[in-house]
Amino acid sequence: MKIDIAKNVLGKPISRVDGILKVTGQARYAAEQQFDEKPLIGWLVSSDTAIGEITKLSTDKAESAEGVHAVLSYKNAGPLKPFSKPASESRFTQSRAVLNEPHIRHFGAPVALVIADTLEQARYAASLVEYSIEAKTPDLLLSPDQATNVPDSLDGGFEADVESGNSDHDKNAVSVDADYTTPSQISAAMEPHATIANFDGDKLTVYTSVQIIASAVEALAVTFELDAENIEVKSPFVGGGFGSKLGLHYDAVLACLGARYLKRPVKVVLSRRQVFYNSPHRGNSFQSMQLSCNREGLLGDITHHSAMPRAKGYGFAEATGAGARVTYRAEHIKSTHRIKDADIPLIDSTRSPGDAIGSLAFESAIDELALKAGIDPLTFRIKNLPQVHPVSGKRFTTHRLGDCLQEGAQKFGWQHKAAPKKGKVIGHGVASAMRMNVLVPSAASISIDSAGKLVVRSDMTDIGTGSYTILAQIAAGAFHTQVDNVDVQLGDSSLPTSCGSGGSFGAASTGSALMKACELLKQSLKKALEKKLPNSIGELALEGDTLVVYVQDTHTSSEIESSKLDTHTEPQRFLLSELIDESDFPLTEIGEVSEDDTAEDEQYSCGAHFAEVEVDTYTGEVRLKRQYGIFSAGKILNEKTASSQIKGGMVWGAGYALTEAIHYHTDSASFINPDFGEYHIAVNRDIADVTLDFLETPDYEASPIGAKGIGELGITGAGAAIANAIADATGVRIREFPITMDKVMEGLMSQREN
């Protein structure tokens, strides 16, 4: 009999290993960390002007207020490398300078930092700072024709413009020319951006909420012109990031400035309103599409043009048209991106950059074309699925979008109606999801002591996604032991350098590195066994301080999740202390992955979203009844945490469809609604039944561990499925997101008039 112990651990929906720490308050986030000396508190004085030069700045009243230790501004904050320099660095490792010049780059930017004993003292003293700014008229992207610049590249490494196929093909009988818009949006992670910093001589230690540790160290080294070896960044727990914490931002630099100036620990925690201005957000988009198909429903043209703002001095442009390049085959595909540099807070990655908002428009337009051709939208999608990548012509390592659509429709109970009705009407919507997969260079180590305890170390972060848990499962699976026999240490720059969390690459990349480390450690243990069992060493298992050795099994696989133990023959047991000299413990191995560990072919995770809505045609009110998704993302490392990520994405997709939008004052480039009172994220009352399934197909060409990206797949297409369900229920197609009651009513009234 074969006992597949590893499979009972890896992939199993076990609860988070750090869950008890979190629910008992023992998991310390950035603002809760402690140095030997109590930190002083820093509070921002924020600009009330979008762009201009500080012409007057008086801090005397604030400096003399009770409890105040310092007020930092461009006059006394000290030297920093200019913002976004040097140009040769990436956007995550360029200087994050602030308070280094009198120039104000956007509304809400820091003018000064007040540092006091308490938060209350700092906030009050900040109100005493007097300043004037010679304002200039801010540039904003208000219409698509204003975006004329071609970005050098797009986030994710995509080219700005792509065209393939034959534009002179026989023109088809059915076409759609549609313009869609999506608003600016914010990540709004549960934990606001926060940092506590301290200089101990030349040594800088920073606790901060950041997704990628290694680039944070580099950014601080560049900004403060320090030796990276003298910088330690720690982020053991992160309360959500969604791209807004990929790199460091003002809170980190301000805390470090305060610590450098006062030679004491300084803490800076952004308020929710400050987060809106002083951390990245997603820019608004104008998306223009021209689609065509023949009477049989085969796509002829896919043309997608995107126009978006880019924050001045910051090189990020979103690949809004990525989905139009890969989801369906067509005779001719053209995708272009244009940007306008604007005087606004930083624009950077927000969950599923490009695909989240690109799918809102593109998958809605695909529905429009299907309906105009008189073809069921589900059938239309399946009919146009590609066999190879539609633009590159390369094969997909795996591609199960068709299975997701077909099996998902059956489980959801797909019933497309497309007939206008009155009263409270029900509609069904569907949308495809395609999300690029990448493997990023990463490292992790594993150690074993004489008692058989395993310790995993990496600077990998856990942003609430379950990194601690899946890494514990990988190590436990490799050694056929229990998860509680594994200690996972993460989020410290002194540990092996990983890829960090973001872009749906964290689990597969660092997980594969750990898998390699486990294999190396097992080889070291087998080498120690050779004198005792020279020719019969098979699979290994740990039982406390005892190494259990099974005979060689020619059917075993080197892949962790398929390792099998041969129980026909009684295994032999050895105390670890008998095999290895005590002075050699802990025995440690480091595993690494790079681009060489992944195929050059096209790698994508995919899925299908389905939604059921109820629309009141007399009030325009939209109520979600059901959301269902089915996804293919390689090996599922933990079904529970993977499901949680997907469900969170689906809920966020509902927000994108129905509620979320940042609105601008165009004269000042300030936000009208920079708080949760007016920026409407989806809450429990907005969400109904959310369910999902996985089609598990390990993809060892994508990563050594067989997993692919999953974190951003749940939001891609989720909003479009809801938009399509609204159109199905009412016959009204709304192209301006979010879809609010007034827009539904306007569409219904127009429909009745016609």
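Residues numbered from 1 in each chain as written. Predicted model: local features only at pLDDT ≥ 70, side-chain atom pairs only at ≥ 80, totals over all residues. Heavy atoms only, no water.

**A short note on the overall build of the protein**
Scanning the protein from N- to C-terminus turns up 16 helices and 32 strands. The C-alpha atoms of the protein give 27 Å as radius of gyration, which agrees with the globular expectation for 754 residues (27 Å, within 12%). By its C-alpha atoms, the protein is 90 × 75 × 45 Å across when sized along the principal axes. Within the protein, the proportion of its 754 residues that are buried is 62%. When the accessible surface of the protein is totalled, it reaches about 28,200 Å², and 47% of it is carbon and sulfur. Here the protein carries 71 positive and 99 negative side-chain charges, and the mean point of each set is 4 Å from the other. (Helix = DSSP H or I, 4+ residues; strand = E, 2+ residues; numbered from the N terminus. Rg over C-alpha atoms; globule rule 2.2 N^0.38 Å. Buried < 20%, exposed > 50% of the residue type's maximum accessible area, 1.4 Å probe, protein only. Areas by Shrake-Rupley, 256 points an atom, 1.4 Å probe, with all protein chains shown as cover. Lys, Arg positive; Asp, Glu negative; His and termini not counted. Charge placed at Lys NZ, Arg CZ, Asp CG, Glu CD.)

**Observations concerning the nonpolar core**
Formed by 92 residues in total, the largest nonpolar core has its most connected members in Phe610 and Ile722. Residue contributions to this core peak at nine residues, all from helix H8 (residues 355-372). When sequence neighbours within four positions are dropped, the list of residues in contact with Ile722 reads Ala611, Val613, Leu624, Gln627, Ala654, Ala657 and Leu658. (Core = buried A, V, L, I, M, F, W, Y, C linked by side-chain atoms within 4.5 Å. Contact = heavy atoms within 4.5 Å.)

**Topic: the packing of aromatic side chains**
Here the distance between the centres and the angle between the planes together describe a pair of aromatic rings. One pass over the structure, following the stated rule, counts 15 aromatic pairs. Judged by centre distance (5.0 Å) and plane angle (80°), the ring pair of Phe242 and Trp652 falls under edge-to-face. Taken as a pair, Phe242 in the loop between strand E13 (231-234) and helix H5 (250-262) and Trp652 in helix H14 (residues 639-658) lie far apart in primary sequence, 410 residues in all. A relative accessible area of 30% means that Phe242 is categorised as partly exposed. Residue Trp652 is classed as buried on the basis of its relative accessible area of 9%. Ring geometry for Tyr328 and Phe362: centres 6.0 Å apart, planes at 40°, overall tilted. (Phe/Tyr/Trp six-rings, centres within 6.5 Å; stacked < 30°, edge-to-face > 60°.)

**Focus on the sheet that holds E13**
Here seven strands make up an open sheet; going across it, the order is E4-E6-E2-E14-E11-E12-E13 and the pairing mixed. The two strands at the open ends of the sheet, each matched to only one other strand, are strand E4 (68-72) and E13. For this sheet the average axis-to-axis angle between neighbouring strands, irrespective of direction, equals 20°. As judged from the six bridges shared by strand E2 (residues 40-46) and strand E6 (residues 110-116), these two strands associate in the antiparallel manner. What sits directly across from Ser46, in E6, is Pro110. On the sheet, helix H3 (residues 119-126) packs against E2, E4 and E6 and is oriented at approximately 25° with respect to E2. (Pairing = 2+ DSSP bridges. Axes fitted to C-alpha atoms, helices over the stretch in contact; angles between N-to-C directions.)

**Looking at a nonpolar patch on the surface**
Residues Phe676, Ile681 and Val683 make up a contiguous nonpolar surface patch of about 230 Å² in total accessible area. When you line up the elements, Ile681 lands in the loop between strand E31 (670-671) and strand E32 (689-694). When its relative accessible area of 33% is taken as the criterion, Ile681 is described as partly exposed. (Patch = residues over 30% accessible without salt bridge, like charges linked within 9 Å, V, L, I, M, F, W, Y side chains within 5 Å. Salt bridge = Lys/Arg side-chain N within 4 Å of Asp/Glu carboxyl O.)

**A short note on the packing of helix H11 (residues 467-478) against helix H12 (residues 506-529)**
The contact between H11 and H12 brings their axes to 10 Å, and the two run at 25°. Classed by the angle they form, the pair H11 and H12 counts as roughly parallel. In the crossing of H11 with H12, the sense of the turn from one axis to the other is right-handed. Contacts between H11 and H12 involve Ile470, Leu471, Ile474, Ala475 and Ala478 on the former and, on the latter, Ala507, Thr510, Gly511, Leu514, Met515, Cys518 and Lys522. (Parallel < 35°, antiparallel > 145°, perpendicular 65-115°, else oblique. Left-handed = near helix turned anticlockwise from the far one by under 90°.)

**As for the pattern of salt bridges**
Here the structure, examined in full by the defined rule, presents 35 salt bridges. Of the charged contacts in the structure, one is a salt bridge between Asp343 and Lys312, with a shortest N-O distance of 3.1 Å. Of this pair, Asp343 sits in the loop between strand E18 (332-342) and H8 while Lys312 sits in the loop between strand E17 (299-311) and helix H7 (322-326), placing them 31 residues apart in sequence. Relative accessible area serves as the criterion here: at 32%, Lys312 is assigned to the partly exposed category. Shared partners join several salt bridges into a network, and the residues in it are Glu363, Asp367, Arg381 and Arg733.

**Some points on the confidence of the model for the protein**
Fine structural detail should not be taken from predicted coordinates in areas where pLDDT scores are low. In this model, the protein carries a mean pLDDT of 95, and residues with pLDDT of at least 70 account for 96%. pLDDT under 50 marks residues 1-7. Its contacts with residues more than four places away, or in other chains, come to 21 contacts. Scored below 50 in pLDDT, residues 554-563 makes 25 contacts in the model with residues more than four places away or belonging to other chains. (pLDDT = per-residue confidence, 0-100.)

**Looking at unusual backbone geometry**
Trans peptide bonds make up most of the peptide bonds, and negative phi angles are found at most residues other than glycine. Of note, the bond from Lys85 into Pro86 is cis; its omega dihedral lies within 30 degrees of zero at -10°. Position of Pro86 relative to the elements: it lies in the loop between E4 and strand E5 (103-104). Note that the residue after Phe737, namely Pro738, is joined by a cis bond; omega there is 0°. Considering the arrangement of structural elements, one finds Pro738 in the loop between helix H15 (718-730) and helix H16 (741-753).

**Some remarks on the sheet that holds strand E23 (residues 540-543)**
Reading across from one edge, E23-E24-E26 is the order of the three strands in this open sheet, with antiparallel pairing throughout. This sheet does not close on itself; its edge strands, each paired only once, are E23 and strand E26 (572-575). Averaged over all neighbouring strand pairs, the angle between strand axes comes to 30°, with direction disregarded. One ladder, built from four bridges, connects strand E24 (residues 546-549) with E26; its direction is antiparallel. From the neighbouring strand, Thr546 faces E26, where its bridge partner is Leu575. Running over the sheet, H12 touches E23, E24 and E26 and is turned about 90° from E23.

**A closer look at the side chain of Thr617**
Checked against the element boundaries, Thr617 lands in the loop between strand E28 (604-616) and strand E29 (622-632). Classification of Thr617 by relative accessible area gives buried; the value is 1%. A polar side-chain atom of Thr617 sits 2.7 Å from the main-chain amide nitrogen of Gly423. In this structure, Thr617 is in contact with Lys421, Lys422, Gly423, Val425, Met745, Leu748 and Arg752, ignoring residues within four places of it in sequence. (Polar contact = N/O pair within 3.5 Å; in protein donor to acceptor, adjacent residues only side chain to side chain.)

**A closer look at H16**
Across its 13 residues, H16 extends 18 Å between first and last C-alpha, which sits within 8% of the 18 Å expected from 1.5 Å per residue. Restricting attention to buried positions, one finds in H16 the residues Lys743, Val744, Met745, Gly747 and Leu748. Buried positions along H16 lie against E28, E29 and H15. (Expected span 1.5 Å × (residues − 1).)

**Some details on the packing of helix H4 (residues 213-224) against H5**
The N-to-C vectors of H4 and H5 enclose an angle of 50°; their axes lie 12 Å apart at closest approach. What the angle tells us is that H4 and H5 run oblique. Considering how the two elements wind past one another, H4 and H5 form a crossing that is right-handed. Between H4 and H5, the residues in contact are Leu220, Thr223 and Phe224 and Val253, Cys256, Leu257 and Arg260, respectively.

**Structural notes on the environment of Pro151**
Locating Pro151 in the fold gives a position in the loop between strand E7 (130-135) and strand E8 (162-165). Between the C-alpha atom of Pro151 and that of Phe83, which follows or precedes it by 68 residues, the distance is 20 Å. If near-sequence neighbours (up to four positions away) are discounted, Pro151 is found in contact with Ala160, Ala317, His337, Arg338 and Ile339.

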